[in-house]
Amino acid sequence: MPVTGSMHHEPTSHRYVWLLDDEVVGVIDYREQADQIEMHHTYTTPAYRGRGIAAELVGAALDDVRARGLRVVPTCWYVAEHIDAHPEHQDLLAGRSAERRG
């Protein structure tokens, strides 16, 4: 069941956030260098955990990464597990050869 709310990219803060109304309830922090984005931390506000917010946020952030033409280095365990579980995002992994993508 999709979670209400929306993902917003905050490039000056180097993060993606999930907003419910105007409240930030989920965050992915990242570092960007050249054509790669290292997602190193994911957080969901304790009151909102267990509702699938982190999964929605990671999926939406990865879609944005794809649209921007970047590759992902998932040093956050949650992002890494999400990519492992979702084949549609595995081609975004940095270090994958062109033959293995798509």
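Given the structure is predicted, the values throughout are model-derived calculations rather than measurements.

### Description of the packing of helix α1 (residues 53-67) against helix α2 (residues 77-85)
Where α1 contacts α2, the axes come no closer than 10 Å and their chain directions differ by 75 degrees. One way to sum up the angle between α1 and α2 is to call them roughly perpendicular. Every residue of α2 that contacts α1 at Ala54, Ala55, Val58, Gly59 and Leu62 is listed here: Tyr78, Val79, His82 and Ile83.

### Thoughts on α2
Each turn of an α-helix holds 3.6 residues, which means side chains three or four residues apart point in the same direction. Along α2, the positions that sit buried rather than exposed are Val79, His82 and Ile83. Projected onto a plane normal to the axis of α2, the buried residues spread over an arc of 95 degrees and lie on a single side. The outward face of α2, more than 90 degrees from its buried face, is lined by the exposed residues Trp77, Asp84 and Ala85. Looking at the packing, one finds that the buried side of α2 touches β4 (36-44), α1 and β5 (71-74).

### Structural notes on the nonpolar core
Among the nonpolar cores identified, the biggest contains 23 residues, and Tyr16, Met39 and Val72 are the most heavily contacted of them. When residues of this core are traced back to their parent elements, those giving at least two are β2 (15-20), β3 (23-33), β4, α1 and α2.

### Let's talk about the environment of alanine 80
In this fold, alanine 80 is placed in helix α2. Assessed through its relative accessible area of 24%, alanine 80 is described here as partly exposed. Between the C-alpha atoms of alanine 80 and methionine 39, which are 41 residues apart in sequence, the distance is 9.0 Å.

### Re the packing of aromatic side chains
Applying the stated rule across the entire model yields 2 aromatic pairs. Aromatic pair tyrosine 16 and tyrosine 30: ring centres 5.5 Å apart, planes at 40 degrees, arrangement tilted. Of this pair, tyrosine 16 sits in strand β2 while tyrosine 30 sits in strand β3, and the two are 14 residues apart along the sequence. Given the relative accessible area of 3%, tyrosine 30 is considered buried. Aromatic side chains tryptophan 77 and tyrosine 78 sit 5.6 Å apart centroid to centroid with 80 degrees between the ring planes, which places their arrangement in the edge-to-face category.

### Considerations on the confidence of the model for the chain
When pLDDT is averaged along the chain, the result is 91; 91% of the residues meet or exceed 70. Taken together, the stretch residues 97-102 has pLDDT below 50 and engages in 4 contacts with residues farther than four places along the chain or on a different chain.

### Quick look at the sheet that holds strand β1 (residues 6-10)
Pairing is mixed in the open sheet, where 5 strands are placed in the order β1-β2-β3-β4-β5. With partners counted over all chains shown, the strands left at the sheet margins are β1 and β5, one partner each. Sheet twist, expressed as the average angle between the axes of neighbouring strands with direction ignored, equals 30 degrees. Pairing of β4 with β5, which is carried by 4 bridges, proceeds in the parallel orientation.

Definitions and limits used
- Residues numbered from 1 in each chain as written.
- Predicted model: local features only at pLDDT ≥ 70, side-chain atom pairs only at ≥ 80, totals over all residues.
- Heavy atoms only, no water.
- Axes fitted to C-alpha atoms, helices over the stretch in contact; angles between N-to-C directions.
- Helix = DSSP H or I, 4+ residues; strand = E, 2+ residues; numbered from the N terminus.
- Parallel < 35°, antiparallel > 145°, perpendicular 65-115°, else oblique.
- Contact = heavy atoms within 4.5 Å.
- Buried < 20%, exposed > 50% of the residue type's maximum accessible area, 1.4 Å probe, protein only.
- Arc of directions from axis to C-beta.
- Core = buried A, V, L, I, M, F, W, Y, C linked by side-chain atoms within 4.5 Å.
- Phe/Tyr/Trp six-rings, centres within 6.5 Å; stacked < 30°, edge-to-face > 60°.
- pLDDT = per-residue confidence, 0-100.
- Pairing = 2+ DSSP bridges.

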